[in-house]
Amino acid sequence: MGIKSLCLKKSLWLFHFGGASCNNCDIEILACLTPRFDVERFGMLLIGSPRHADVILVNGSINKRDEQRLLEVYEAAAKPCFVVAIGACGCTGGIFAEGHTFAGPVDRIIPVDAYIPGCPPKPEAILAGVVKLVKAKFG
Amino acid sequence: MAEHLFYFLIFPGLLFAGVAGGLLSWFDRKVTAWVQFRRGPVIMQPFYDFLKLLLVKETIAPARGSVLTFLSAPVAGMFGASISAVFVLLPAFGITSGFRGDIIVIFYLLTIPSLSWIIGALASGNPLASVGASREIKLLIGFELTFLLIFATVIMKSDMSISLYEIIARQQESGALIGSLSGVLLFIALLFCIQAKMGMVPFDIAEAETELSEGTFIEYSGPPYALIKFTKYIMLLVLPALAAAFLLGGLPLTGISILWSLLKILAVVLLLTLIRNTNPRVKVGQAMRFFLIWMNALVIIAIILSRLGL
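Residues numbered from 1 in each chain as written. Chains lettered and ligands numbered in written order. Predicted model: local features only at pLDDT ≥ 70, side-chain atom pairs only at ≥ 80, totals over all residues.

**Quick notes on the overall build of chain A**
So, point 1. Per the secondary structure count, chain A includes six helices and five strands.
So, point 2. Moving toward the C terminus, one meets the helices and strands of chain A in the order α-β-α-β-β-α-β-α-α-β-α.
So, point 3. Against the 2.2 N^0.38 benchmark of 14 Å for 139 residues, chain A shows a C-alpha radius of gyration of 14 Å, consistent with a compact globule.
So, point 4. Its C-alpha atoms give chain A principal-axis dimensions of about 45 × 30 × 25 Å.
So, point 5. A sequence separation of at least 24 residues applies to 82% of the contacts in chain A between residues at least 6 apart. (Helix = DSSP H or I, 4+ residues; strand = E, 2+ residues; numbered from the N terminus. Rg over C-alpha atoms; globule rule 2.2 N^0.38 Å. Contact = placed C-beta atoms within 7 Å.)

Structure (structure tokens):
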């Protein structure tokens, strides 16, 4: 493994995009940063600007107003940048999939690298999903 | 010429200050993790972050705004920081640079990083970045006077010597300046000035993550942001080293005193980290009032006390 992929793997900075979420997934993502789960020991940081992001976490159903924002955030992020869809709404649309404002699951708008299903997924599941993403991308 | 290049690029300038400052930044993050009952990052974390930004990530230039100014500002900031590292660390380590009056140059050089970040943020054309830049300017107006008064008091306490090497030599003969009451007051004011200069939490109004999403640095990505990170590492070594040189008797590198020098730097960084972890972010007005009224008053009391011989 080269130094480039080692450094990227050891320092993934997370940008959190919440769509029209019921806030449960947001709370579970924040729980990953708390002392019990502590993602900073893997070098992951929650950062505020998509320009610094290595991973974009998308949760919540994406409605017609969010669609454009999500595209803008994805284009603003410096590449290489991975996208993780979190929760039933992010992966498939969940109970909102038939709604008239629903703009499609995340992978119909931007390319998605990992799916973490659950309503909401537990913090353990989110960590396991990110570990699987790292394994798939960097071996 | 070769000697000067070595001083500037390797020891104690760019490379040494960056690596040592990176380790200090790991110490800062690790202590923060301990305060919050977490495990914290691994020791190589600052270097992973730096190399990732430098080697892997792409650079995005702003569509509206001056690209040249935007990209050259972090370079200017990094060189300002590493020149100030040379001027502070050489006398602190007990190597004379033969330059009398360097203390005044140090004062100017330490302003260059903040100033270049302000220029870079204003060149990016991002509204949040310009709000961050204007807040940084206000903060500069607030704490630079206190910082200057601290310099003046240290000069007055060392019998009007304006050479950092002489100030340290005087302290090593007759005891560190922090041993007096006015020295303690100066140390408190200097700690808060370092906090504001580093943009650490009570005074992180310019890059407030939750309101401005990184403020001044919002548009930077890839290698330019890596240089900003590197500048921050250098400043995290230089500013505690300045505090040690002014008030704690320098950082001599002979025999057992290497350990004491290391402990001095770690103690100052530990204090900064604990202040950062136990305080909320202040508002712009509160920060300015804190420096313009209270910290200035503290330093003026220190000046009066030092005139009285305390």
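**So, the overall build of chain B**
So, point 1. Of the regular secondary structure elements, chain B holds 13 helices and zero strands.
So, point 2. Seen in sequence order, chain B has helices and strands lined up from the N terminus as α-α-α-α-α-α-α-α-α-α-α-α-α.
So, point 3. Relative to its length of 310 residues, chain B is compact, with a C-alpha radius of gyration of 19 Å against a globular reference of 19 Å.
So, point 4. In terms of overall dimensions, chain B has a C-alpha envelope of 60 × 45 × 40 Å along the principal axes.
So, point 5. Across the 310 residues of chain B, 49% fall into the buried class. (Buried ≥ 20, exposed ≤ 12 C-beta atoms within 10 Å, placed from the backbone.)

**Observations concerning the packing of helix α9 (residues 181–198) of chain B against helix α13 (residues 284–307) of chain B**
Residues and elements named next belong to chain B.
So, point 1. Running from N to C, α9 and α13 cross one another at 155°; their axes reach a closest spacing of 8 Å. If you check the angle between α9 and α13, you find them roughly antiparallel. Crossing handedness for the pair α9 and α13: left-handed. The residues of α13 that touch α9, namely those facing Leu181, Ser182, Leu185, Leu186, Ile188, Ala189 and Phe192, are Met295, Leu298, Val299, Ile301, Ala302, Leu305 and Ser306.
So, point 2. Per-class residue counts for the contact of α9 with α13 are twelve nonpolar, two polar and no charged. (Axes fitted to C-alpha atoms, helices over the stretch in contact; angles between N-to-C directions. Parallel < 35°, antiparallel > 145°, perpendicular 65-115°, else oblique. Left-handed = near helix turned anticlockwise from the far one by under 90°. Nonpolar A, V, L, I, M, F, W, Y, C, P; charged D, E, K, R; others polar.)

**Considering helix α6 (residues 112–123) of chain B**
Residue and element names in this part refer to chain B.
So, point 1. For α6, built from twelve residues, the straight-helix expectation of 16 Å at 1.5 Å per residue is met to within 8% by its first-to-last C-alpha distance of 16 Å.
So, point 2. The buried fraction of α6 is high, at nine of twelve residues.
So, point 3. Looking only at α6, the buried set comprises Pro113, Ser114, Ser116, Trp117, Ile118, Gly120, Ala121, Leu122 and Ala123.
So, point 4. Where α6 is buried, its residues meet α4 (67–92), α7 (127–157), α9 and α11 (223–247).
So, point 5. At the exit of α6 stands Gly125, carrying a positive phi of roughly 75°. (Expected span 1.5 Å × (residues − 1).)

**Structural notes on the nonpolar core**
So, point 1. If you look at the biggest cluster of nonpolar residues, it comprises 87 residues, and the most contacted ones within it are B:Val88, B:Val238, B:Ala241 and B:Ala243.
So, point 2. When neighbours within four sequence positions are excluded, B:Ala241 is seen to be in contact with B:Val88, B:Leu89, B:Ala92, B:Leu251 and B:Ile265.
So, point 3. By size, the runner-up hydrophobic cluster in this structure holds 35 residues, among which are A:Cys32, A:Val55, A:Tyr74 and A:Ile110. (Core = buried A, V, L, I, M, F, W, Y, C linked by C-beta atoms within 7 Å.)

**Description of the interface of chain A and chain B**
So, point 1. With 18 residues of chain A at the interface, the matching set in chain B holds 26 residues.
So, point 2. Here the residues of the side of chain A that touches chain B sort into six nonpolar, five polar and seven charged.

**Points about the sheet that holds strand β1 (residues 13–18) of chain A**
Where strands meet in a sheet, backbone hydrogen bonds hold them as pairs that are either parallel or antiparallel.
Residues and elements named next belong to chain A.
So, point 1. A sheet is described by the order of its strands in space; here five strands give the open sequence β2-β1-β3-β4-β5, paired in parallel fashion. Edge positions in the sheet fall to β2 (45–46) and β5 (114–116), since each of these pairs with one other strand and no more.
So, point 2. In terms of strand pairing, strand β3 (residues 55–59) meets strand β4 (residues 82–86) through five bridges, oriented parallel. In the strand pairing of β4, Ile56 is matched with Val83.
So, point 3. The strands that helix α2 (residues 24–31) touches are β1, β3 and β4; relative to β3, the one it contacts most, it runs at about 145°.
So, point 4. Strands β4 and β5 of the sheet are contacted by helix α6 (residues 123–138), whose axis makes an angle of about 165° with β5. (Pairing = 2+ DSSP bridges.)

**Quick notes on the pairing of β4(A)**
All names here are of chain A.
So, point 1. Among the five residues that make up β4, five are buried, leaving the element largely enclosed by the rest of the structure.
So, point 2. Crossover β3 to β4 through helix α3 (residues 64–76) is right-handed.
So, point 3. Here β4 pairs with β5 via three bridges, running parallel. Bridge pairing links Ile86 to Ile116 in β5. (Right-handed = clockwise from strand over helix to strand, strands pointing away.)

**A few points about the confidence of the model for chain A**
So, point 1. Confidence in the prediction for chain A averages 86 pLDDT; 99% of positions are at 70 or higher.
So, point 2. By mean pLDDT, the top-scoring element of chain A is β4(A) (90), and the lowest-scoring one is helix α1 (residues 3–10) of chain A (83). (pLDDT = per-residue confidence, 0-100.)

**A short note on the packing of helix α2 (residues 14–35) of chain B against helix α12 (residues 257–277) of chain B**
Residue and element names in this part refer to chain B.
So, point 1. Closest axis-to-axis distance for the α2/α12 pair is 10 Å, and the angle between their directions is 45°. Between α2 and α12, the angle is such that the two are oblique. The way α2 lies across α12 gives a crossing that is right-handed. Across the interface between the two elements, Leu24, Phe27, Asp28, Val31, Thr32 and Val35 of α2 pack against Leu266, Val269, Leu270, Thr273 and Asn277 of α12.

**Section: the environment of B:Ser66**
So, point 1. The residue B:Ser66 is located in the loop between α3 (45–56) and α4 in this model.
So, point 2. In this structure the C-alpha to C-alpha distance between B:Ser66 and B:Ala123, which are 57 residues apart in sequence, comes to 5.3 Å.

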